[in-house]
Amino acid sequence: MFDARTVRRDFPILQKPINGKPLIYLDSAATSLKPRPVLDAINDYYTRYTANINRGIYKISEEATERYEQARKKVAAFIHAKDAREIVFTRNATESLNLVYYSWAKEQLSHGDEVVGTIMEHHSNFVPWQQLSKERGVAFRIWNVDKRGLLDSHDLDKYITRKTKLLTFTAVSNVLGTINPIKNIVKKVKRVHPSCIILIDAAQMVPHMPMNVQDWGADVVVFSGHKMLGPTGIGVLWAKLDILGNMPPYQYGGDMIKEVHVHETVFNDVPHKFEAGTPDIAGAIGLGAAVDYLSRLGMEQVRNHEKEMTKYAFNALSSIKGLSIIGPKDEKKRGGVIAFTMKGIHPHDIAQVLDEDNVCIRVGFHCAQPLHEFFNIGPTARASFYIYTTKEDIDSLTSSLTKVKKMFA
Ligand code: PLP
């Protein structure tokens, strides 16, 4: 039975008060806290078998290689990839998206082609396509949301044409919380346009709910390790093998080659041809431990807990006059991310007052400035939840926000 209070015991950072007050961490959409098994796995690599991978013919190097490759298999199983070779380790979702931009889009797309993205994208899945359009004359078309913050798939015909070579969208918005209907969108597009590549930014989904890349029918999926209990510095690109096979390497160097001669180089196989140089070995191993941890909890339970916290927070925050939440109101249609404004109060003032109570939230555009401009609003405040969030945390948020209201009224 899932119990956030039991889960919290695994997080060393939650055990130590800061300035005598407990830490109320409500910024998991930015990065998650790390549980003991992940910290132990990283420590174990650095204290017991530090060695480079793929090179040493000695025990600790062989163990490091095996654990690095085991992590790849764990990630593959976690997202239901067909084959572990479909998993490329990168630094984060941003680097995975840049890999697609450099090795696929810049190679394959030219003037006259079209890319469709959405207004709710994180900058990391917006700027590359905007720049591609400036550099190459590839049209970048933007699929807008409705007033509730939902994409309307009936609108697809307006955006997708025979010239669309890439459709990309986030699985879950990091501002609106909207969960997009991936399978429906993919099915609809592939029915009329099977060769259109569909790229999903799953940075806010993989940590929070069960997912199955094969079931989606999409072509490429990206996410970061640090938002799903793993360390910073490790990210994932999943893509179908034929797509990866046709993409040239993104960076050159050691490990991504099979043979190097004075005038010729033979590149390594997928996925190694995209992992040049010494990778973040400890990061991958830590991510493997994070996947084990989440799998033990069960992703259905993780999702149910977040729905419960989101519903509770909606009720609690609605008691604060002048506070408006953006995005869909139904917790079944959204992840555990709530962005809001308070009438007449700047989000930075909100965050500063909350910080006095150790309530950590994020304020600003959350790397989604076009979305804020679309809604014609300035920066917002954002609280986001995860497996260790409790109703008491949300009560602390509500009481600190009530304090803010009194101070600035
Ligand atoms: N995509 C979404 C939806 C995000 O929320 C984020 C980070 O907040 C990213 C991409 C980028 O992730 P990273 O900074 O780990 O590369």
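Definitions and cut-offs
Residues numbered from 1 in each chain as written. Predicted model: local features only at pLDDT ≥ 70, side-chain atom pairs only at ≥ 80, totals over all residues. Heavy atoms only, no water. Domains from an automatic or database assignment. Contact = heavy atoms within 4.5 Å. Buried area = accessible area lost by both parts, 1.4 Å probe. Salt bridge = Lys/Arg side-chain N within 4 Å of Asp/Glu carboxyl O. Polar contact = N/O pair within 3.5 Å; in protein donor to acceptor, adjacent residues only side chain to side chain. Helix = DSSP H or I, 4+ residues; strand = E, 2+ residues; numbered from the N terminus. Nonpolar A, V, L, I, M, F, W, Y, C, P; charged D, E, K, R; others polar. Pairing = 2+ DSSP bridges. Axes fitted to C-alpha atoms, helices over the stretch in contact; angles between N-to-C directions. Near = heavy atom within 4 Å. Buried < 20%, exposed > 50% of the residue type's maximum accessible area, 1.4 Å probe, protein only.

Draft legend 1. Highlighting the domain arrangement of the protein. Domain assignment breaks the protein into domain 1 (4-27 + 298-407) and domain 2 (40-295). In this complex, domain 1 contributes 33 residues to the contact, which on the side of domain 2 involves 33 residues. In this assembly, domain 1 packs against domain 2 so that about 2600 Å² is buried in total across both faces, 66% of it on carbon and sulfur atoms. Linking domain 1 to domain 2 there are zero salt bridges. Counting the contacts that link domain 1 with domain 2 gives 13 residue pairs in polar contact (both at pLDDT 80 or more). Those elements giving two or more residues to the side of domain 1 that touches domain 2 turn out to be α11 (299-317), β12 (337-342) and α13 (369-374). Taken together, the residues of the side of domain 1 that touches domain 2 sort by class into 19 nonpolar, six polar and eight charged.

Draft legend 2. Spotlight on the sheet that holds strand β11 (residues 323-326). In spatial order, the strands read β11-β12-β15-β14; together these four strands make up an open sheet with antiparallel pairing. Only two strands of the sheet have a single partner each, and these edge strands are β11 and β14 (362-364). Mean inter-strand twist for the sheet, computed between neighbouring axes without regard to direction, equals 30°. Inspection of the sheet shows β11 paired to β12 by four bridges, in the antiparallel sense.

Draft legend 3. A look at the site of the ligand. Lining the immediate surroundings of the ligand are 13 residues, of which T94, D201, S224, H226 and K227 lie closest. Between A93 and the ligand, the recorded distance is 3.4 Å, taken from a backbone N or O atom to an oxygen atom. Between an oxygen atom of the ligand and a side-chain N or O atom of T94, the distance comes to 2.5 Å. Split into classes, the residues belonging to the shell around the ligand amount to two nonpolar, nine polar and two charged.

Draft legend 4. Broad picture of the pairing of β12. The buried count for β12 comes to five of six residues, which makes it a mostly enclosed element. Relative to strand β15 (residues 380-384), β12 is paired through four bridges, and the arrangement is antiparallel. Bridge assignment links I338 to a residue of β15, and that residue is A383.

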